[in-house]
Amino acid sequence: MIVTEPLGNENAGVRRFNGSDWVSRMLNPNPLKAGERVRMSLNLSQAHLFFAETGKTLRG
C-alpha cells in the first residue's frame, strides 16, 4: 500500500502492482500501518479502466 485516505465508511488506497499504480477502495476498513501488505481482489463488474495514453474509459 502506498497511500490510504480515510473516507468515513471506506478507505481510498493507492497500490503498486506490476509497475503501475492502482487506485482502490476498502469497505469497512481496518486500520493499516505504513508499508503494510494487504491482499486484494478485483471485481471486474465494479472496475473502471482507462487507456493510459488518453485517460479515456475502456467502455465502448
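That block above? That's the structure.
Everything numeric in this text was worked out from a predicted model, so none of it was measured.

Enquirer: Mind showing me how you'd approach the overall build of the protein here?
Expert: The number of helices and strands found in the protein is zero helices and three strands. For the protein, the sequential pattern of α-helices and β-strands runs β-β-β. Taken along the three principal axes of its C-alpha coordinates, the protein extends 35 × 25 × 20 Å. Burial status across the protein gives 12% buried among its 60 residues. Relative to all contacts within the protein whose residues are 6 or more apart in sequence, the contacts with residues 24 or more apart total 12%. Surface accessibility of the protein: about 5600 Å² in total, with carbon and sulfur atoms responsible for 53%. Averaging the locations of the 8 positively and 5 negatively charged side chains of the protein gives two centres separated by 5 Å.

Enquirer: Even after reading the chapter, I still don't get the layout of surface pockets, so can you show me in this structure?
Expert: Empty space among the atoms can be located by rolling a probe the size of a water molecule over them. Volume-wise, the largest pocket comes out at about 1200 Å³. Along its surface, the largest pocket is lined by 29 residues, and Val23, Ser24, Arg25, Met40 and Leu42 are the ones closest to its centre. Taken together, the elements giving at least two residues each to the lining of the largest pocket come down to strand 2 (10–17) and strand 3 (20–27). Tallying contributions element by element places strand 3 first for the lining of the largest pocket, with eight residues.

What counts and how
Within each chain, residues carry numbers counting from 1 in the order of the written sequence. With pLDDT at 70 or above as the cut-off, local features in this predicted model cover only qualifying residues; side-chain atom pairs require 80 or more to be listed or tallied, and sums for whole chains, interfaces and linings still use all residues. As a rule here, side-chain values come from all non-hydrogen atoms in the structure, and water together with hydrogens is ignored. Put simply, DSSP H or I for four residues or longer makes a helix, DSSP E for two residues or longer makes a strand, and each gets a number counted from the N terminus. Buried residues are those whose accessible area, probed at 1.4 Å on protein chains only, stays under 20% of the maximum for their type, while exposed residues exceed 50% and partly exposed ones sit between those limits. Two residues qualify as a contact provided that any one of their heavy atoms is within 4.5 Å of a heavy atom in the partner residue. To be clear on the numbers: accessible area is Shrake-Rupley with a 1.4 Å probe, and residue cover counts the displayed protein chains and nothing else. This count recognises Lys and Arg as positive and Asp and Glu as negative, with His and chain-terminal groups excluded. Charge positions are represented by NZ for Lys, CZ for Arg, CG for Asp and CD for Glu. In this analysis the probe radius is 1.4 Å and the grid spacing 1 Å, with only protein atoms considered; a cavity is a set of points the probe fits into but cannot get out of, a pocket is an open set with protein on both sides within 12 Å along at least five of seven lines, and lining residues have an atom within 4 Å of a point. Grid points are joined across faces, edges and corners, and a volume is the space filled by probe spheres set on the points.

Coordinates in, geometry out; function isn't part of it.
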